[in-house]
Amino acid sequence: MKKVLLTLSTLATFAMADTKATINDTMASMEKGMNTIQKGFLYNQKATILEGTDIILEANSIFSKVDVQSFTHGSKATQVISNINGNITNNVKELKKMVNANKFADASKQYGKVMNDCVACHTVIRKW
Ligand code: HEC
C-alpha cells in the first residue's frame, strides 16, 4: 500500500513539473497550425488549410487532459478559459466546413475568429 502511495505521489509531482513543458509544446503546435492554415490560404492549397485545422484540433484537445488550474493557479479565469477553449474547437470545426465547401472568403474571416480565440485566452492569462 505504501509503495502504491509513493508511486502515486511521484507521478503527481511529475505531472506538475510536466505541465509547463506540455503547455509550451501544445502552444508551439497551435502556432504551427495557424501558420499552416495561413500558408494554405496564401498558396490556394485546400489540403494545407485542412492540415492546419487538424493540427489545432489535436493540440487543443490537451485542455481536456490537463487541469487548467495548473496554469491559472485557481483564479477566476479558469471558467473563462475553458469557455474560450470550447470556442476554439467550434470555430476551427466551422472553418473546416467552410473550406470543404470551397467558401474560402468566409473561411478566411473565420480564421480571424480563431485568432481572436487565441488572443482572448492569452489576454486573460497574461492580463494583457
Ligand atoms: C485556453 C487558453 C489558451 C488558448 C485558447 C490558447 N493559448 Fe496559447 N498559451 C496559453 C498558455 C497557458 C500559455 C503559456 C503561459 C504564458 O505564456 O504565460 C500560452 C502561450 C502561447 C505561446 C507562447 C509560448 C511561449 O513559449 O512563450 C504561443 C505562441 C501560443 N500560446 C499560441 C497560441 C495559438 C496560436 C493559439 C490559438 C490557435 C493559442 N495559443 C490559444 C493558453 C492558451
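Before going into details, it helps to say that this report is about the structure given with it. (Residues numbered from 1 in each chain as written. Predicted model: local features only at pLDDT ≥ 70, side-chain atom pairs only at ≥ 80, totals over all residues.)

To continue, consider the environment of Lys39. Following the sequence through the fold, Lys39 ends up in helix α1 (residues 2-42). Since 14 C-beta atoms lie within 10 Å of it, Lys39 is described here as partly exposed. Linking Lys39 and Gly52, residues 13 residues apart in sequence, is a C-alpha distance of 9.1 Å. (Helix = DSSP H or I, 4+ residues; strand = E, 2+ residues; numbered from the N terminus. Buried ≥ 20, exposed ≤ 12 C-beta atoms within 10 Å, placed from the backbone.)

What follows deals with the nonpolar core. Ranked by size, the top nonpolar core spans 14 residues in total, and within it Val92, Leu95, Tyr111 and Val114 carry the most contacts. Residue assignment for this core shows that the elements contributing at least two residues are α1, α2 (46-60), α4 (77-100) and α5 (104-126). (Core = buried A, V, L, I, M, F, W, Y, C linked by C-beta atoms within 7 Å.)

What follows is about the site of the ligand. In the vicinity of the ligand there are 20 residues, among which Met27, Met30, Asn85, Cys118 and Cys121 approach most closely. Elements with a minimum of two residues in the shell around the ligand: α1, α4 and α5. For the shell around the ligand, the element with the most residues is α5, which contributes seven residues. Residue composition of the shell around the ligand, by class: 14 nonpolar, three polar and three charged. (Near = placed C-beta within 6 Å. Nonpolar A, V, L, I, M, F, W, Y, C, P; charged D, E, K, R; others polar.)

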